[in-house]
Amino acid sequence: METIARKTLLYKSGLGFWCVNHAVGCSHGCKYPCYAYMMAKTYGRAKDYADWCRPKLVAHAAELLDTELEHKRKKPESINLCLTTDPFMVGYPEISAMSLKLIAVANGQGVACSTLTKGLYPIELADRGRFPLENVHGISLVSLDEGFRKRWEPGAAPYAERILALKALHDAGSATYAHIEPYPTPNLIAQDLSAILQAVGFVDKIYFGGWNYNALATGFPDRLSFYDGQAEIVGRFCAERGIEFR
Ligand code: SF4
């Protein structure tokens, strides 16, 4: 696949956590819209949507991270993969392979990793010989309806496969979480949140959040009380199961 050169990889995001983004672009092509795509288009890193959906890998990303961590006097406690791309995106095994290398490099220097994907996790991540630290792996999941996924996350992994791959990591002893955001309002899809919660009821932590940056969702009447009600459902579910709720 096409590669790009970078001088640095590790950075502290405006949200306050450390991140690496070892690709530009993402084959999942989310239409929520994807904030990373909008920024890439604004700043000339992606010509258009088609260009964004053909990701470019950062060459020598593992060596870059190794060197940067080596030189840090105070190493981060944890690194996030990724904020502006997807570490296990569908159709790009080179990116997944690099994600594994980066996690191994970070763990080798005593730094844990937290990952988030709409793709498929490889079971190798549960190999504590290669990844000795307590890494945390999560999926984004806002529906179980494949019609919804094809409309809003056209290139991402089917929901059932996404959940199964995460469950395999959980069963192998890894810490896992589900990121239920941006949760759609009923005018976008009528669905039962409880079914989604049941599907990921094995995780250690659940994040829940509304859909704030699409006129279709923000225009929904009673939006705030709808989200309050849904958050209560998540809170109850988590409390009953001993799952951390954010
Ligand atoms: S998976 Fe994330 S980075 Fe990729 S297109 Fe969707 S929102 Fe953007």
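For the structure itself, consult the block above.
For the structure given in this document, a descriptive report is provided here. Given the structure is predicted, the values throughout are model-derived calculations rather than measurements. (Residues numbered from 1 in each chain as written. Predicted model: local features only at pLDDT ≥ 70, side-chain atom pairs only at ≥ 80, totals over all residues. Heavy atoms only, no water.)

## Here we look at the packing of aromatic side chains
The geometry of two aromatic rings is summed up by the distance between their centres and the angle between their planes.
Here's step 1: In the structure shown here, the tally under the stated rule is 13 aromatic pairs.
Here's step 2: With centroids separated by 5.8 Å and ring planes inclined at 45°, the aromatic side chains of Tyr37 and Trp52 adopt a geometry described as tilted. With Tyr37 in helix H1 (residues 35-42) and Trp52 in helix H2 (residues 49-52), this residue pair connects regions lying 15 residues apart in the sequence. When sorted by exposure, Tyr37 lands in the same class as Trp52, which is buried.
Here's step 3: A network of ring pairs unites the aromatic residues Tyr183, Phe208, Phe220, Phe226 and Tyr227 as a single cluster.
Here's step 4: Between Lys167 and the ring centre of Phe202, over which it is positioned, the NZ or CZ distance is 5.8 Å. (Phe/Tyr/Trp six-rings, centres within 6.5 Å; stacked < 30°, edge-to-face > 60°. Helix = DSSP H or I, 4+ residues; strand = E, 2+ residues; numbered from the N terminus. Buried < 20%, exposed > 50% of the residue type's maximum accessible area, 1.4 Å probe, protein only. Lys NZ or Arg CZ within 6 Å of the ring centre and 35° of its normal.)

## Considering the sheet that holds strand S4 (residues 23-24)
Here's step 1: Read across the open sheet, the 3 strands follow the order S1-S5-S4; overall the sheet is mixed. Edge positions in the open sheet fall to strand S1 (3-4) and S4, since each of these has one partner strand only. (Pairing = 2+ DSSP bridges.)

## Comments concerning the environment of Thr8
Here's step 1: With respect to the helices and strands, the residue Thr8 is situated in the loop between S1 and strand S2 (10-12).
Here's step 2: On a C-alpha basis, the gap between Thr8 and Gly108 in space is 19 Å, while along the polypeptide they are 100 residues apart.
Here's step 3: Setting aside residues up to four positions removed in sequence, Thr8 forms contacts with Leu64 and Glu68. (Contact = heavy atoms within 4.5 Å.)

## Considerations on the pattern of salt bridges
Here's step 1: Summed over all chains, the structure comprises 7 salt bridges.
Here's step 2: A salt bridge links Lys56 to Asp51; its shortest N-O distance comes to 3.2 Å. The same class applies to Lys56 as to Asp51, namely buried.
Here's step 3: Across the salt bridge formed by Glu134 and Arg128, the nearest N and O atoms sit 3.4 Å from each other. (Salt bridge = Lys/Arg side-chain N within 4 Å of Asp/Glu carboxyl O.)

Limitation: the analysis is restricted to geometry and does not speak to function.
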